[in-house]
Amino acid sequence: MEYAILCNPGHNRVYFEASLQLAQAEFSLVARKLSVPCGQAGIEMICDIPYFVFQAEKELSAADIRRVSELSFVYALFSLKREGQEVALHPIRRTDERFVDESIGTILKYTGKTNELFTRMLIHVAQLTQETGEEQNLRLLDPVAGKGTTLYEGLIRGFDVYGVEIGDKVTTEAYHFLKRFLETARYKFTCKTVRISGENKSFSASRHTFQIARNKEDLKNRNLRTAEFIAGNSMYSHLFFKKRFFHMIVGDLPYGVQHGNVTSEKRSSLTRNPSELLEACLPAWKQVLKPGGAVVLAWNSNVLSREKLAMVLEKHGFRVLQEGPFLEFEHRVDLSIRRDIIVAIKGN
């Protein structure tokens with residue numbers, strides 16, 4: 001049985017040909033979860049349009065269709081029939097459920113924003129590789145949240161999402177953006193802001209918390225999702241959240257081009273190397289991640305090599321996944337940025 005995926009046209013906006021490589025790597029991870037063996041996957045031109053085509057030993061189950069539908073690059077899914085030189089595409093209804101409309105990830109435009117489809121892929125890779133034994137009510141932390149792209153994409157998938165960003169101004173902007181979006185789209189929600197601080201005023205932070213329902217029925221049944229922004233230093237994540245709270249940590253580390261890392265509120269200078277940020281913050285991140293939880297980080301490999309980044313993660317007790325598709329995500333964004341993804345798992 002043959003299937004074809006029409007890739008989301010937005011996926012090529014930044015990556016161009018690299019997006020096809022990313023699609024192949026992401027599909028390889030999904031294929032491991034399907035009930036039937038799949039192979040011969042790759043790009044095929046059909047009527048001058050590129051499709052991602054793969055073969056399955058037999059028809060995919062409803063659960064398989066749902067998993068394929070969750071691929072970040074899927075725009076439309078088809079079964080494929082060949083008769084001589086003719087190719088017929090028969091549409092299959094996607095079965096992935098969105099908690100909020102996916103337009104939430106596309107509205108904000110600003111310099112340095114990570115492409116929302118790339119962010120969607122990061123989250124999906126984390127979901128596929130986390131080993132907590134849980135698949136429902138997943139909680140995601142972005143400890144370098146910026147204006148919230150990762151949180152919005154996680155909310156689309158129905159996760160509870162939490163972000164930490166050191167800048168009060170940026171976090172306040174994210175809070176007001178989400179509030180306006182929910183009001184405009186008529187979701188049911190509550191929100192509150194509190195100020196928190198550590199012992200002897202060792203730190204202070206603002207916590208903006210949303211409880212969101214899609215409609216009145218979900219609100220009545222307490223089918224709610226949490227979205228939270230904290231304006232504070234990520235090295236205090238273990239003081240912001242409970243231990244072993246998160247299933248996934250997903251972050252797009254500063255590239256040293258549009259923005260840098262700030263590891264101290266009192267520092268005005270930025271460092272171009274993400275290893276300093278990780279050395280300062282990984283102990284806290286590890287405490288709030290569940291055993292078997294996944295850490296998925298994107299970074300500029302022109303600034304820090306994969307080998308050195310892996311050493312930092314392993315030094316702090318994470319198991320870095322170094323085989324097969326996990327080594328196939330590196331791609332060029334522009335002349336100064338060569339982006340890669342590293343995936344690591346927390347042990348017991």
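Residues numbered from 1 in each chain as written. Predicted model: local features only at pLDDT ≥ 70, side-chain atom pairs only at ≥ 80, totals over all residues. Heavy atoms only, no water.

## As for unusual backbone geometry
With the exception of glycine, the majority of residues adopt a negative phi angle, and the majority of peptide bonds are in the trans configuration.
In step 1: One non-glycine residue, Gln40, lies in positive phi territory at about 50 degrees.
In step 2: By relative accessible area, which is 65% here, Gln40 ends up exposed.
In step 3: One non-glycine residue, Asn137, lies in positive phi territory at about 55 degrees.
In step 4: With respect to the element layout, Asn137 can be found in the loop between helix 4 (116-129) and strand 6 (139-142).
In step 5: Looking at Asn137, the relative accessible area reads 56%, which means it is exposed. (Buried < 20%, exposed > 50% of the residue type's maximum accessible area, 1.4 Å probe, protein only. Helix = DSSP H or I, 4+ residues; strand = E, 2+ residues; numbered from the N terminus.)

## Description of helix 2 (residues 18-31)
In step 1: In this model, helix 2 (14 residues) spans 20 Å end to end at C-alpha, consistent with the 20 Å of a helix rising 1.5 Å per residue.
In step 2: For helix 2, the complete set of buried residues consists of Ala18, Ser19, Leu22, Ala23, Ala25, Glu26, Phe27, Leu29 and Val30. (Expected span 1.5 Å × (residues − 1).)

## A word on the pairing of strand 3 (residues 49-56)
In step 1: Judged from the five bridges that link them, strand 1 (residues 2-7) and strand 3 form a sheet pairing that is antiparallel. Residue pairing for strand 3: Ile5 is matched across the bridge by Phe52.
In step 2: Judged from the seven bridges that link them, strand 2 (residues 38-46) and strand 3 form a sheet pairing that is antiparallel. Each residue of the ladder has a partner; that of Gly39, found in strand 3, is Gln55. (Pairing = 2+ DSSP bridges.)

## Quick word on the packing of aromatic side chains
In step 1: Under the counting rule described, the total for this entry stands at 18 aromatic pairs.
In step 2: Summarising the aromatic geometry, the rings of Tyr162 and Phe245 are spaced 5.5 Å apart at their centres and angled 80 degrees between planes, so their arrangement reads as edge-to-face. Placement of Tyr162 in strand 7 (residues 160-165) and of Phe245 in the loop between helix 8 (237-240) and strand 11 (246-252) is noted, with a sequence separation of 83 residues between them.
In step 3: With centroids separated by 5.4 Å and ring planes inclined at 45 degrees, the aromatic side chains of Tyr175 and Phe210 adopt a geometry described as tilted. Taken as a pair, Tyr175 in helix 6 (residues 168-184) and Phe210 in strand 9 (residues 204-213) lie far apart in primary sequence, 35 residues in all.
In step 4: Residue classification places Tyr175 among the buried residues on the basis of a relative accessible area of 11%.
In step 5: With relative accessibility at 0%, the residue Phe210 sits in the buried group.
In step 6: Sitting above the plane of the Phe245 ring, Arg139 keeps its charged end 4.3 Å from the centroid. (Phe/Tyr/Trp six-rings, centres within 6.5 Å; stacked < 30°, edge-to-face > 60°. Lys NZ or Arg CZ within 6 Å of the ring centre and 35° of its normal.)

## Overview of the nonpolar core
In step 1: If you look at the biggest cluster of nonpolar residues, it comprises 64 residues, and the most contacted ones within it are Ile5 and Leu178.
In step 2: Considering each element in turn, this core owes the most residues, seven residues, to helix 4.
In step 3: Apart from residues lying up to four places away in sequence, Ile5 is in contact with Tyr51, Phe52, Phe54, Val68, Leu71, Phe73, Val74, Ala76 and Leu77.
In step 4: Ranked by size, the runner-up nonpolar core spans 35 residues in total, among them Val164, Phe245, Val295 and Leu309. (Core = buried A, V, L, I, M, F, W, Y, C linked by side-chain atoms within 4.5 Å. Contact = heavy atoms within 4.5 Å.)

## Some thoughts on the pattern of salt bridges
In step 1: Inspection of the entire model under this criterion finds 19 salt bridges.
In step 2: In this structure, Asp168 and Arg195 form a salt bridge, with 4.0 Å as the shortest nitrogen-oxygen distance. Taken together, the positions of Asp168 in helix 6 and Arg195 in strand 8 (residues 188-197) put the pair 27 residues apart, joining distant regions of the chain.
In step 3: A relative accessible area of 40% places Asp168 in the partly exposed class.
In step 4: Relative accessible area serves as the criterion here: at 52%, Arg195 is assigned to the exposed category.
In step 5: Through salt bridges with shared partners, one network takes in Arg98, Glu102, Arg120 and Glu153. (Salt bridge = Lys/Arg side-chain N within 4 Å of Asp/Glu carboxyl O.)

Such coordinate-based values are descriptive only and should not be taken to indicate function.
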